[in-house]
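# Summary of the model geometry
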Amino acid sequence: MKYLLLFLLLLFEFVSYAQERCLTDNVLSYKNRGEEIEKFQQWITSKKQEKENKNLFNTNDEKSSSQDILKIPVVFHILHNGEIIGQGRNVATAKIVEQLRILNEDFARANEDRVNTVAEFQSVAANVGIEFVFAKQDPNGLPTNGIVRVRASKSSYATGRPGDADDVLLKSDSHWPSEHYLNIYCVDLSSGLGYAQFPFSNLDGLESEIFNYGLTDGVVVDYNWFGINLETGGSFQSYGRTLTHEVGHYFGLLHIWGLNFSCNNDDYCDDTPLQSNSTSGCNLNTTSCENVNMVQNYMDYSDDDCMNVFTNDQKDRMRIVAENGYRRKSLLTSPGLIEPQVFNQDLGIVPVPNAPPILCSEDIIPEILLINYGLENVENYSVGLYVNDVLQEEISATSTLNSLQTTTVRFSEISLNLNQVNTLRYALTGTDENPINNQLIIAYPNSQSSLLPFEEDFEDGNNSLIREIGSNWNVSNAPDSTAINNALKIEYFNTDLPFGQMDYLVTELLDVSALNSAELSFSYAYSGRTSDVINDGLIVGIIPSCGNSLDIRNIVFERYGRRLITTSAQETAYTPFGPSEWEKSSFNITPYLGEGLIQIVFIGVNGGGNNIYLDNIEVTSAELERLDLGIRKIEGVTPTTCQKEVFPKIEFKNFGYEDIESLDLDIMINERVFKQNYQNIKIFSGFSESFSLSIRSLTDGENDISIKIDKINGEVDTKLNNNIISFKVVVNESEEIIPVRETFDQPKWTTNFTENSPTVDLIQINNSEVAKFNAFGSTYVGGSSYISSPILKTNNQREGAIRIKYSYASRNGFNDRLKVFLSNNCGRTHEIEVFNQDSEDLAIRKSEDDWVPESDTDWEYIFIDVSEHLIWEELRVLVEFQNGGGNNLYIDDIEFLTDNDPEQLSFESRLTVFPNPAVDEFYVNVNMPLKETLHIQLIDMAGKVVFDQNFPNSLNQTYRMIAPSQSGFYLLKVNGNQIKQTKRLYIRP
């Protein structure tokens, strides 16, 4: 996949001070951008000239009039690991205020050390005229102090550059809309000081940053370099200039030496001297390129206490981006800058997060969020649900809703006709001083899925694709092999549309669940313009499983400018001349078949260039038969349970053109066949119906079950390839007390797979027994395989975690997924999802070959804190691998720990005692091959036993010990069948 977007990757590298702190010298990160940095500079230059012509720039280096101050709303996301406020990663509020003060002083040239700027550069030193303020209201319109504290999903993030898996992960932990807030993240970075997402440009707007780029826009700083910290552990002390540096990148500044280390490259600021390299330390006499280097510039790598200056040209550049840039200009009018209007009584309705824009089931449970924006608590209110203007249900208050409190209002399940537009309206009744937010309307389009093949050639003058509101695609004449050919056209020649605007087309829901393979194809034509700065674009992607947006990882086609053109450029409005000017693109979309329902989205991106044409869209499949009923999916089946009865729900879809009125099933349980008959049913062509079954008399251990369509309407089905579904259910009533470890040497955990999912084999790798999910080369996409624990007794533990040692390499174009679930009902259901990662996040390596780990570096750990779920007396763990046709997954160990500290990964020895010396307390960590009772004693040097206790079920946990009141040396003895060790421990006074 090619990401032809202007996406400048910036990252500090936390290594020895002599090394790089940013990766901007990684020229490869620029090669696939649709807009080169030179074009970005052309845009900056043109905007600067426009502003100078209007005499809007104030070039006074120390003064800036009040109307020139650009205010930017900031939200600080503090991602911590559970520390109390003021400790470790959970930095104190005073530290945040200090960092914002430093940032504002640096941008206003109000910093005390400005007097240290060397005389040679005093004349170009600038007050940027940008002020950063804490956001005053959050995205829901509620008052905020601009600080969000969130428990991080990882103890530290190993991101390499924006867009990396960890970058997406940390920003998914907490993010406010980037068009309205400057998101600043204070986190633990394992490999850097910080980074920022660079802006995009193209004339009046910035080149579109699509989808996930908007969700990752912002600035990240390691907590050690946040504010003033004189004990960073690095080679220099922090005075808060890391954030100043990165916010400079956020507003379009390059490093002071430009794109690479040479005297032939520049940062496009005339008043910063050319320099050939970055600066370390603070040698003010450093020279290069026959110049004295501006080592005090915030965009160099000099020490924090050396930096003290932005220049006039840097100021101009940042203000141009702030006043014109996409997701920069909108910050200046953000609601985050405005004190929220407050009423005494003010209830408001907002949609629930991630509400789907299209329905995949006729049965839905409508729900909304109700927020008390008012100053007073509210006791009496009612919310009505109207479906197509008919009142369905009204819910009245049953409890007090306090000021600023949010509650979910969930209505009873309703059934909708998916073959029409459905409008749901929610309305508040009762006393309220602000009626503006008392109503919410959600319109769902025709959501009936279509069978394949899907074909659209636009010859009848119609467009079966769904146009987003405001989209400018229209059917037009566009010659190919015939002069009267029709195609979709979007007019970008001399258009009044905003630059960077995206025009969407989406197919209806396409049901691909019954296919073994599928292909998407379409034709397009585009000429472009002779000007090099034109960057129209076309993007094509897949929205799987009724998703509500196009994820950047699901883009199959993305081209801009010269890479998009199919014929010679021209300066007149383009119309195709004949077949030679069309290009056909085809893509194998088989990996998406496991999603069941998909949509194809086509997006035109306006660069002010020329017209784009789109034609002959096809998603191919087999022709319809008269009688063709398929098993679409099965729900309610658990891989491992303690019960000898399961209740699967089977969804059948009529892929034929004749309605189904009767259905005969064969149900086979361990080679015993049972009959099930359904009469007087009605499964219309193209529709689905679900039937629940009761499958009893399962036996201990593995049970093979299959459900097969025998006859429909009294006849044999025309197509048999989708008439049977097989699965296994393991009945396992065994129990263990946590902690537990599964090494697969003598497995107690069960594996479960079917013929349509990757097999799970126990194999030897480097003298260790491991579980292997065989996904490489799998012909069936979408199947799942499982590893399931016995019933695990939680034994009143308050803390716990699951740790999994694994090895996995991803393949280009394929997407596998690993999930971990918990069951609190012995396995009857597994509804508690505690881990979910796809190939991109999971991969340790990339490999197009059959993956086999060869060394320790091919293995990593997954650590999942499950402490919140230890309220249950027993749990069952389920590890699920979903096959996307990618590569093999290996699991060596699975552990359920009685501690939620991820640093336990470092304990490899049988016994570890720490800290040593100790003061008030110390810890004893044991790491046993097998569970047993350990006898632990603490003996002073006179031979007196001061502590003596047995610890049953010891395996892989840490025990907290209270230190004796008397200081001195002690002997710690640990005895068991597998260990007899003595450690010397010193207790400090």
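Given the structure is predicted, the values throughout are model-derived calculations rather than measurements.

With that settled, the discussion passes to the overall build of the protein chain. Of regular secondary structure, the protein chain possesses eight helices and 61 strands. Within the span of the protein chain, comprising 989 residues, buried residues form 54% of the whole. Of the contacts made within the protein chain by residues no fewer than 6 positions apart, 74% connect residues no fewer than 24 positions apart. Surface accessibility of the protein chain: about 42000 Å² in total, with carbon and sulfur atoms responsible for 46%.

Turning our eyes to something else, we now look at the sheet that holds strand S55 (residues 911-914). Either a parallel or an antiparallel arrangement is found when strands of a sheet pair, and the pairing is made through backbone hydrogen bonds. The strand order across the open sheet built from three strands is S55-S56-S59, with neighbouring strands paired in antiparallel fashion. Edge positions in the sheet fall to S55 and strand S59 (958-962), since each has one partner strand and no second. Across the sheet, the mean angle from the axis of one strand to that of its neighbour is 20°, orientation sign disregarded. Alignment of S55 against strand S56 (residues 921-926), held across four bridges, turns out to be antiparallel. The residue of S56 that forms the bridge with Phe914 is Tyr923.

Right, let's get into the packing of aromatic side chains. Per the counting criterion, the structure on display carries 23 aromatic pairs. Between Tyr298 and Phe310, the ring centres sit 4.6 Å apart and the planes meet at 55°, which makes this aromatic pair tilted. You can see Tyr298 sitting in the loop between strand S10 (291-292) and helix H7 (312-324) and its partner Phe310 sitting in the loop between S10 and H7, a full twelve residues away along the chain. Centroid distance Phe914 to Tyr923: 5.4 Å. Interplanar angle 20°. Geometry classified as stacked. By relative accessible area, Phe914 is classed as partly exposed at 28%.

With that settled, the discussion passes to the state of the cysteines. Throughout this description, disulfide means a covalent bond between two cysteine sulfur atoms. In the structure shown here, the tally under the stated rule is three disulfides. Put simply, Cys282 and Cys306 are joined by a disulfide, and their sulfur atoms are 2.1 Å apart. The chirality of the disulfide connecting Cys282 with Cys306 is right-handed, given an S-S dihedral of about 70°. Within this pair, whereas Cys282 is found in the loop between helix H6 (241-250) and strand S9 (287-288), its partner Cys306 is found in the loop between S10 and H7, the two being separated by 24 residues in sequence. Residue class for Cys282 comes out partly exposed when judged on its relative accessible area of 39%. The partner cysteine of Cys642 in its disulfide is Cys826, sulfur to sulfur 1.7 Å.

Counting buried residues along H6, ten of its ten residues qualify, which places the element largely inside the surrounding structure. When we look at burial in H6, the residues that qualify are Arg241, Thr242, Leu243, Thr244, His245, Glu246, Val247, Gly248, His249 and Tyr250.

In this model H7 runs 18 Å from its N-terminal to its C-terminal C-alpha over 13 residues, within 8% of the 18 Å that 1.5 Å per residue would give. Counting buried residues along H7, 13 of its 13 residues qualify, which places the element largely inside the surrounding structure.

The next point concerns the nonpolar core. One finds Phe76, Phe107, Ile130, Phe132, Val219 and Phe251 to be the most contacted residues of the largest nonpolar core, which totals 45 residues. Ranked by the residues each element gives to this core, the list is headed by strand S1 (residues 70-80), at five residues. When neighbours within four sequence positions are excluded, Phe76 is seen to be in contact with Ile96, Leu100, Phe134, Gly146, Ile147, Val148, Ile184, Phe226 and Leu243. Counting residues in hydrophobic clusters, the runner-up holds 35 residues, among them Ala771, Leu818, Val820 and Phe835.

On to unusual backbone geometry. That bond from Ile738 to Pro739 is cis: its omega, 10°, falls within 30 degrees of zero. One can find Pro739 in the loop between strand S41 (735-737) and strand S42 (740-742). A positive phi is found at Asp389, a non-glycine position, where the angle reads about 70°. Relative to the helices and strands, Asp389 resides in the loop between strand S14 (382-387) and strand S15 (390-396). Positive phi outside glycine occurs at Asn494, with the angle close to 50°. Note that Asn494 resides in the loop between strand S24 (486-490) and strand S25 (502-506).

On to the confidence of the model for the protein chain. In the predicted model, the protein chain carries a mean pLDDT of 84, and the fraction of residues at 70 or more is 89%. Predicted confidence for residues 23-35 stays below pLDDT 50, and this span has 38 contacts to residues more than four positions away or in other chains.

So, about the sheet that holds strand S16 (residues 406-410). Pairing in this open sheet of three strands is antiparallel, and the strands run S11-S13-S16 from one edge to the other. Strand pairing shows two members of the sheet lacking a second neighbour, strand S11 (347-351) and S16, which therefore form its edges. The sheet shows a mean angle of 30° between the axes of neighbouring strands, direction not considered. Relative to S16, strand S13 (residues 367-372) runs antiparallel, the two being bridged by five bridges.

This brings us to the environment of Arg563. Turning to its location among the elements, Arg563 is positioned in the loop between strand S29 (555-560) and strand S30 (583-588). Classification of Arg563 as partly exposed rests on a relative accessible area of 43%. Separated by 26 residues in the primary sequence, Arg563 and Gly537 have C-alpha atoms spaced 9.2 Å apart.

Two side chains with opposite charge may pair up if their charged atoms get near one another. Evaluated as defined, the whole model comprises 33 salt bridges. Measuring nitrogen to oxygen at the nearest pair gives 2.9 Å for the salt bridge that ties Arg241 to Asp106. Of the two residues, Arg241 is situated in helix H6 and Asp106 in helix H2 (residues 93-108); the sequence distance between them amounts to 135 residues. The class of Arg241 is buried, set by a relative accessible area of 6%. Given a relative accessible area of 2%, Asp106 falls into the buried group. Here Arg559 ties to Glu583 by a salt bridge, and the two come within 3.1 Å at their closest N and O atoms. Of this pair, Arg559 sits in strand S29 while Glu583 sits in strand S30; the two residues are 24 residues apart in sequence, bridging distant segments of the chain.

Our next topic: a negative patch on the surface. A cluster of like negative charges, contributed by Glu362, Asp363, Glu413 and Glu689, occupies part of the molecular surface. With respect to the helices, strands and loops of the structure, Glu689 is situated in strand S38 (residues 688-692).

As a further point, take the side chain of Asp222. When you line up the elements, Asp222 lands in strand S6 (residues 219-222). At 7.7 Å, Arg89 is the nearest oppositely charged side chain to Asp222, a buried residue that forms no salt bridge. Leaving out residues up to four positions away in the same chain, Asp222 has contacts with Val187, Asp188, Leu189, Gly192 and Leu193.

We now examine the pairing of strand S58 (residues 945-954). Across seven bridges, the pairing between strand S57 (residues 932-940) and S58 is antiparallel. Bridge pairing links Ile936 to Gln949 in S58. The hairpin formed by S57 and S58 contains four residues between the paired strands, and Gly943 there has a positive phi angle of roughly 90°.

Turning next to the packing of H2 against H6. Between H2 and H6, the least distance of the axes is 9 Å, while the angle of their chain directions is 55°. Overall, the two elements H2 and H6 adopt an arrangement that is oblique. For the pair H2 and H6, the crossing hand works out as right-handed. Two secondary-structure elements touch here, H2 through Gln99, Ile102, Leu103, Asp106 and Phe107 and H6 through Arg241, Leu243, Thr244, Val247 and Gly248. Of the residues in the contact of H2 with H6, the class split is five nonpolar, three polar and two charged.

Reading the values: rules and limits
Going along each chain's sequence as written, the residues are numbered from 1 onward. Two thresholds apply to this predicted model, a pLDDT of at least 70 for residue-level local features and 80 or more for giving and counting side-chain atom pairs, whereas whole-chain, interface and lining totals are computed over all residues. Only heavy atoms go into the side-chain values, all of them from the structure, while hydrogens and water stay out. Helix numbering and strand numbering both begin at the N terminus, where a helix is a DSSP run of H or I of at least 4 residues and a strand a DSSP run of E of at least 2. Using a 1.4 Å probe on the protein chains alone, a residue whose accessible area is under 20% of its type maximum counts as buried, one over 50% counts as exposed, and one in between counts as partly exposed. Note on contacts: a residue pair qualifies if any of its non-hydrogen atoms lie within 4.5 Å across the two residues. Using a 1.4 Å probe, accessible areas were evaluated by the Shrake-Rupley method; residue-level cover was limited to the displayed protein chains. By definition, two strands form a pair when at least two bridges between them are found by DSSP. Lines fitted to the C-alpha atoms define the axes, with helices restricted to the stretch that makes contact. Angles between their N-to-C directions range from 0 to 180 degrees. Ring pairs shown here join Phe, Tyr and Trp side chains whose ring centres sit within 6.5 Å, with only the six-membered ring taken for Trp; geometry is labelled stacked below 30 degrees between planes, edge-to-face above 60, and tilted in between. Two cysteine sulfur atoms make up a disulfide if the distance between them is within 2.5 Å. For a helix, the expected span equals 1.5 Å multiplied by the residue count minus one. In this description, a nonpolar core means a group of buried Ala, Val, Leu, Ile, Met, Phe, Trp, Tyr and Cys residues linked to one another through side-chain atoms lying within 4.5 Å. Scored from 0 to 100, pLDDT records how confident the predictor is in each individual residue. A side-chain nitrogen of Lys or Arg and a carboxyl oxygen of Asp or Glu constitute a salt bridge if their distance falls within 4 Å. The patch calculation keeps residues exceeding 30% relative accessible area without a salt bridge and links them within 9 Å when they carry like charges or within 5 Å when they are nonpolar (Val, Leu, Ile, Met, Phe, Trp, Tyr). His residues and chain termini do not enter the charge count, which takes Lys and Arg as positive and Asp and Glu as negative. For charged residues, the charge sits on one atom: NZ in Lys, CZ in Arg, CG in Asp, CD in Glu. Oblique is the label for any angle not covered by the other classes, which are roughly parallel (under 35 degrees), roughly antiparallel (over 145) and roughly perpendicular (65 to 115). By definition, turning the near helix anticlockwise from the far helix through less than a right angle yields a left-handed crossing, and turning it clockwise yields a right-handed one. Under the scheme applied, nonpolar residues are Ala, Val, Leu, Ile, Met, Phe, Trp, Tyr, Cys and Pro; charged residues are Asp, Glu, Lys and Arg; polar residues are all the others, including Gly.

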